[in-house]
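Chain residues, written in single-letter form:
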Amino acid sequence: MSGIIGGAGSKSGIIGTTELDYEEGTWTPGVHVLTMTEATHKWYKKIGNIVWLSASVVFAAGSSGTTQRIKGSPFTSLHYSSGYVGWTNWTTPDDPQLTVIMWNNDTQIYLYELPNEALTGSNLAGSRVDFTIAITLS
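Residues numbered from 1 in each chain as written. Predicted model: local features only at pLDDT ≥ 70, side-chain atom pairs only at ≥ 80, totals over all residues. Heavy atoms only, no water.

Peer 1: Before we go on, may I ask you to explain the overall build of the chain in this structure?
Peer 2: Along its length, the chain carries one helix and ten strands. Along the chain direction, N to C, the helices and strands of the chain fall in the order β-β-β-β-β-β-β-β-β-α-β. Looking at the 138 residues of the chain, the share that counts as buried comes to 38%. Carbon together with sulfur atoms contributes 52% to the accessible area of the chain, which is approximately 8,000 Å² in total. (Helix = DSSP H or I, 4+ residues; strand = E, 2+ residues; numbered from the N terminus. Buried < 20%, exposed > 50% of the residue type's maximum accessible area, 1.4 Å probe, protein only. Areas by Shrake-Rupley, 256 points an atom, 1.4 Å probe, with all protein chains shown as cover.)

Okay, structure coming up:
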């Protein structure tokens, strides 16, 4: 009797034939209402149906009561997703915690002060925000 039964083991340790769906690149963020003076570190990584988007965005000085959004995501979120603001020079007396959110079926990233206050152009004028968000694709 041989050591291989019905061809089992003939693929030398490879299980299955599916390939990993992987992509990485850069994207171009834009902002809603205010202008942006700079955007750097603009990268994304896609593995399967999960995408990580990251950027460092500097908002121009100005004033607006409209909720601020970062536009230009190359992907649409299937589910509500929140992300991490790694650094900002936006200062207020209470030194708030910030988060980024992408809603279902949207390509815009919203900025929020925790627990749930939408940030406006008046809040963010002249500030730099570094963020990363993970979203689920359909």
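Peer 1: Explain the side chain of arginine 69 here, please?
Peer 2: Considering the arrangement of structural elements, one finds arginine 69 in strand E5 (residues 69-71). With no salt bridge to any partner, buried arginine 69 finds its closest opposite charge in aspartate 106, at an N-O distance of 6.4 Å. A polar contact is formed between the side chain of arginine 69 and the side chain of glutamine 108, at a distance of 3.0 Å. Those residues in contact with arginine 69 that lie beyond four places of it in its chain are Gly30, Val31, His32, Gln108, Ile109 and Tyr110. (Lys, Arg positive; Asp, Glu negative; His and termini not counted. Salt bridge = Lys/Arg side-chain N within 4 Å of Asp/Glu carboxyl O. Polar contact = N/O pair within 3.5 Å; in protein donor to acceptor, adjacent residues only side chain to side chain. Contact = heavy atoms within 4.5 Å.)

Peer 1: How should the environment of isoleucine 133 be read in this particular structure?
Peer 2: Among the structural elements, isoleucine 133 can be located in strand E10 (residues 128-136). Judged by its relative accessible area of 1%, isoleucine 133 is buried. Apart from residues no more than four positions distant in its own chain, isoleucine 133 is found in contact with Val51, Trp52, Leu53, Ser81, Ser82, Gly83, Val100, Ile101, Met102 and Ile109.

Peer 1: For this particular structure, what's the right way to read the confidence of the model for the chain?
Peer 2: Caution is warranted with low-pLDDT regions, since their predicted coordinates should not be read in detail. Across the chain, the average pLDDT comes to 80, with 80% of residues at 70 or higher. No element of the chain has a lower mean pLDDT than helix H1 (residues 121-124), which averages 76, and none a higher one than strand E1 (residues 22-26), which averages 96. (pLDDT = per-residue confidence, 0-100.)

Peer 1: Quick question: what am I supposed to make of a nonpolar patch on the surface here?
Peer 2: Among the surface-exposed residues, Leu20, Tyr22, Trp43, Ile47 and Trp52 lie close enough to one another that they form a single nonpolar patch of about 490 Å² accessible area. If you trace the backbone, leucine 20 turns up in the segment before E1. Look at leucine 20 and you get exposed, because its relative accessible area is 66%. (Patch = residues over 30% accessible without salt bridge, like charges linked within 9 Å, V, L, I, M, F, W, Y side chains within 5 Å.)

Peer 1: Hey, could you run me through unusual backbone geometry in this one?
Peer 2: Where the residue is not glycine, phi is negative for most of them; where a peptide bond is considered, it is trans in most cases. Positive phi outside glycine occurs at histidine 41, with the angle close to 50°. Within the secondary structure, histidine 41 sits in strand E3 (residues 36-47). Residue histidine 41 is classed as exposed on the basis of its relative accessible area of 59%. Even without being glycine, asparagine 105 reaches a positive phi, approximately 55°. With respect to the helices, strands and loops of the structure, asparagine 105 is situated in the loop between strand E7 (98-102) and strand E8 (109-113).

Peer 1: Can you walk me through the pairing of E7 in this structure?
Peer 2: Walk down a regular strand and you will see the side chains alternate between the two sheet faces. Most of E7 is tucked away, with five of its five residues classed as buried. Residues Leu98, Val100 and Met102 of E7 are buried on one face, and the alternating residues Thr99 and Ile101, pointing to the opposite face, are buried as well. For strand E6 (residues 81-88) and E7, the ladder comprises four bridges, and the chain directions are antiparallel. Paired with glycine 83 across the two strands is valine 100, which belongs to E7. Bridging between E7 and E8 involves four bridges; their strand directions are antiparallel. (Pairing = 2+ DSSP bridges.)

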